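Residues per chain, in single letters:
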Amino acid sequence: MTVLLELKSVSRQFGGLNAVNDVSFQVSQGEILGLIGPNGAGKTTLINLITGVHPATSGRILFDGQDITKMRAHQIARKGLARTFQVVQPFPKMTVLENVATGALFAGGATGLKDAFAQARQHLEFTGLGDSVDKLASTLTLAKRKRLELAKGLAMRPRLLMLDEVNAGLNSMEIDDALRMIRTIAERGVTIIIIEHLMKVMLSTAQRIVALHYGQMIADGVPDAVLRNPRVIEAYLGSKYAAAHSGSSA
Amino acid sequence: MKRDWVILVCGAAAIGALGWSGDNYFIRLLTILCMYATLAQSWNFIGGFAGYPSFATAAFFGLGAYTSGVLQNQGLPILMCWGLAGLCAAVFAVLIGGAILHLRGHYFAIATLIIAEMLREIVNTTPNLTGGGMGLNLPILRISVDVQSRVFLLAMLVLAVVTTAAAILLQRSRLGFGLRCIQQNESAASILGVNAYQYKTAAFGMSAVFVGMAGAIYASWVNYIEPPDVFDILIAVKPLVMVLLGGIGTIFGPIIGAMVLLALEELVWRNFLTVHAAALGVIIILLVLFLPNGLFSLLKDLSAKRAKQ
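What you see is a predicted model; the values in this text were computed from it and never measured. (Residues numbered from 1 in each chain as written. Chains lettered and ligands numbered in written order. Predicted model: local features only at pLDDT ≥ 70, side-chain atom pairs only at ≥ 80, totals over all residues. Heavy atoms only, no water.)

## Observations regarding the overall build of chain B
The condition that has to hold: The helix count covers DSSP runs of H or I at least four residues long, the strand count covers runs of E at least two residues long, and both are numbered beginning at the N terminus. Summary of the burial criterion: residues with accessible area below 20% of their type's maximum are buried, those above 50% are exposed, and those between are partly exposed, where the area comes from a 1.4 Å probe applied to protein chains only. Using a 1.4 Å probe, accessible areas were evaluated by the Shrake-Rupley method; residue-level cover was limited to the displayed protein chains. Here Asp and Glu are counted as negative and Lys and Arg as positive; His is not counted, and neither are the chain ends. A charged residue contributes its charge at one atom only: NZ of Lys, CZ of Arg, CG of Asp or CD of Glu.
Helices and strands together make up the secondary structure of chain B, namely 15 helices and two strands. Summarising its shape, the C-alpha atoms of chain B cover approximately 55 × 45 × 40 Å along the three principal directions. The proportion of buried residues among the 309 residues of chain B is 54%. Carbon and sulfur atoms make up 70% of the accessible area of chain B, which totals about 13900 Å². Charged side chains in chain B number 17 positive and 12 negative. The centres of these two groups are separated by 14 Å.

## Points about helix α6 (residues 172–187) of chain A
Residue and element names in this part refer to chain A. Inclusion rule: Multiply 1.5 Å by the residue count of a helix minus one, and that product is the helix's expected span. Arc definition: it is the arc formed by the directions from the helix axis to the C-beta atoms. As used in this structure description, the phrase polar contact means that two N or O atoms lie within 3.5 Å; if the pair is within protein, one of them must be able to donate a hydrogen and the other to accept it, and residues adjacent in sequence are counted only when both atoms belong to side chains.
Taking 1.5 Å per residue, 16 residues should reach 22 Å; α6 reaches 23 Å between its end C-alpha atoms and fits that length. For α6, the full list of buried residues reads Ile175, Ala178, Leu179, Met181, Ile182, Ile185 and Ala186. Looking down the long axis of α6, one finds its buried residues gathered within 165 degrees of arc, a one-sided arrangement. What points out from α6, more than 90 degrees from its buried face, is the exposed set Met173 and Glu187. Measuring from the backbone nitrogen of methionine 173 back to the side-chain oxygen at the start of α6 gives 3.1 Å, which picks out asparagine 171 as the cap. After α6 finishes, the residue glycine 189 shows a positive phi value of roughly 100 degrees.

## Overview of the packing of helix α1 (residues 2–21) of chain B against helix α2 (residues 24–49) of chain B
All names here are of chain B. Stated precisely, the cut-off is as follows: Convention adopted: a line fitted to C-alpha atoms gives each axis, helices being fitted over their contacting stretch, and angles between N-to-C directions are expressed from 0 to 180 degrees. An angle below 35 degrees is read as roughly parallel, one above 145 as roughly antiparallel, one from 65 to 115 as roughly perpendicular, and any other as oblique. Two helices that cross are described as forming a left-handed crossing if the nearer one is turned anticlockwise from the farther one by less than a right angle, and a right-handed crossing if clockwise. Whether two residues touch is decided by their heavy atoms; if any such pair falls within 4.5 Å, the residues are in contact. Only Asp, Glu, Lys and Arg are considered charged in this grouping, and only Ala, Val, Leu, Ile, Met, Phe, Trp, Tyr, Cys and Pro are considered nonpolar; every other residue, Gly among them, is considered polar.
One way to put it is that α1 packs onto α2 with a least axis distance of 8 Å and a crossing angle of 150 degrees. Regarding the angle of α1 to α2, the classification is roughly antiparallel. Judged by the twist between their axes, the crossing of α1 over α2 is left-handed. In this structure, α1 contributes Ile15, Leu18 and Gly19 to the contact, and α2 contributes Phe26, Ile27, Leu30, Leu33 and Cys34. For the contact of α1 with α2, the residue count by class is seven nonpolar, one polar and no charged.

## Regarding the sheet that holds strand β1 (residues 3–14) of chain A
Residues and elements named next belong to chain A. The criterion, for reference: When DSSP finds at least two bridges between two strands, those strands are taken to pair.
Pairing in this open sheet of four strands is antiparallel, and the strands run β2-β1-β4-β5 from one edge to the other. Each of the sheet's edge strands pairs with one partner strand only, and the pair in question is β2 (17–28) and β5 (66–67). One ladder, built from five bridges, connects β1 with strand β4 (residues 58–63); its direction is antiparallel. In the sheet register, serine 11 faces β4, and the bridge partner there is serine 58. Where helix α1 (residues 43–50) meets the sheet, it contacts β1, β2 and β4, and its direction lies at approximately 115 degrees from that of β1.

## With respect to the interface of chain A and chain B
Put simply, the rule is: Here's the idea: put two parts together, see how much 1.4 Å probe accessible area each one loses, and the total over both is what we call buried area. Every case where a carboxyl oxygen of Asp or Glu lies within 4 Å of a side-chain nitrogen of Lys or Arg is listed as a salt bridge.
Chain A puts 26 residues into the contact, and the matching count from chain B is 21 residues. Of the roughly 2100 Å² buried between chain A and chain B, counting both surfaces, carbon and sulfur atoms make up 65%. When the buried area of chain A at its contact with chain B is split by residue, Phe91, Phe106 and Leu113 of chain A rank highest and sum to 29% of it. The interface formed by chain A and chain B contains one salt bridge. At the junction of chain A and chain B, the tally comes to seven residue pairs in polar contact (both at pLDDT 80 or more). Contributions of two or more residues to the side of chain A that touches chain B are made by α2 (73–79), α3 (96–106) and α4 (113–126) of chain A. Per-element accounting of the side of chain A that touches chain B gives the leading share, six residues, to α3 of chain A. For the side of chain A that touches chain B, the class distribution of residues is 15 nonpolar, five polar and six charged.

## What about the pairing of β1 of chain A?
Residue and element names in this part refer to chain A. Sheet topology note: the β1/β2 ladder contains eight bridges and is antiparallel. Paired with leucine 7 across the bridge in β2 is phenylalanine 25. Adjacent in sequence and paired antiparallel, β1 and β2 are bridged by two residues, among which glycine 15 carries a positive phi angle near 60 degrees.

## What about the sheet that holds strand β9 (residues 208–213) of chain A?
Residue and element names in this part refer to chain A. Ordered in space as β6-β7-β8-β3-β9-β10, the six strands form an open sheet in which the pairing is mixed. Unpaired on one side and paired on the other, β6 (81–83) and β10 (216–221) mark the two borders of the sheet. Geometrically, the sheet is characterised by an average inter-axis angle of 20 degrees between neighbouring strands, direction not taken into account. Pairing of strand β7 (residues 160–164) with strand β8 (residues 191–195), which is carried by five bridges, proceeds in the parallel orientation. Its bridge partner being in β8, aspartate 164 is matched across the sheet by isoleucine 195. The strands that helix α9 (residues 230–237) touches are β3 (32–36), β9 and β10; relative to β10, the one it contacts most, it runs at about 130 degrees.

Interpretation note: all reported values are geometric properties and have no functional meaning in isolation.
The structure is reproduced here in structure tokens:
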């Protein structure tokens, strides 16, 4: 399998805090990679580094063999890296359709406004927002806003889509819908990095999981192995529990 | 969009017809109206569409006035001078914009505020070229006063129409779309592939080109310019008030605002000469508190209500 994204000892400091510390891993074409870790582990910061929101303090990031470490956010977006935001960020004074058209127009290769709107409609149909195209983005419910984020990402025609907690705050029926959508997107050949706290989501979608803790990578492997990894259990539940748990299961 | 063009053509024709038949006081008022409309419309590009509150209007206006004045005194034809003034202002804006458009909100506003002061000092210290604090006389057009007043009205009217046409085109363009995204959430816009820096710089340049030309026409119109006149801070503040009055980010809001402010100036301020600056302040505060979307939004609300009934 060809490597699509490669991180080589990527670090980011905020003042004295090592938000991301010497993280290296690869993502292959067509893979669904899960990114887990307790709150504050550096998951979102890592996504911010990949998408150029913050520059990395050190290390290199390669996308499709090309060094994108020093590129700015809009250039990276046009290369085919899309993301959703954990805290949804729609353009509140634009309609749902206009919101999605933005992605098509500026990163999705739409030839003009008309084409962008046509493409946006398709993505909204796919994400089940076909009946809300003319509503203002600020009037949507949280579940629909999350789907709007997804539609915006898809409109960019990404090769790599990063989903930052698209399921947080949704009920279980909404989650099932979202998971079906994510699997369909993956079947179309889009590589996906998914951040999620819900283990149900992780186990049913991710083919591989990378775990972060205090900015450091503590595990990388198939889901079952990572979730049994004592360091991962310790990160989530504390060292006492980890000792007891690995003792009883060993 | 079609409706916008119809309104623009009708409005321009009406002002032209009124001006042709009116007396010289009325023509002067209409000329100022067109100038104000140009300034307000221009401010709307950067302040309204992109959401960057600029106080650089006075800088562009004065720069245009002096560019044209100096060139005209070198014997260049008047229309060419006006054009070069616009070009000079736009190039200046792009260069300055490159340096300050990474600032946001108040910081950007403060940075733009000092540009006019800087240019004013440059003019003051170069008396051989610009006349310095003594001011600069411009060549007088050798045509009758009545014809002159109509020529300058026509020039300002054409400029206001061109600026408004640019706004109409901008609203439905890729650039306009990108600016609206930047105005609402700049980092989200970048993530979606909008080159925010480039777009903001373009908007800043657009907000300068027509203002520079307005300054140039103004200079030719009044025949004499001096730094405190063309770099006046009020030239930077008034467009902002007009746009807030009329409706920020809309096509005809700035023009409505220009009309209302001009009417206020003529009717109220000449009766309260000493407190007109305070009146301006009160208007801004009332606007922000009670009508953040301007008079244009009020009209829209009314027509929407009527449509429902």
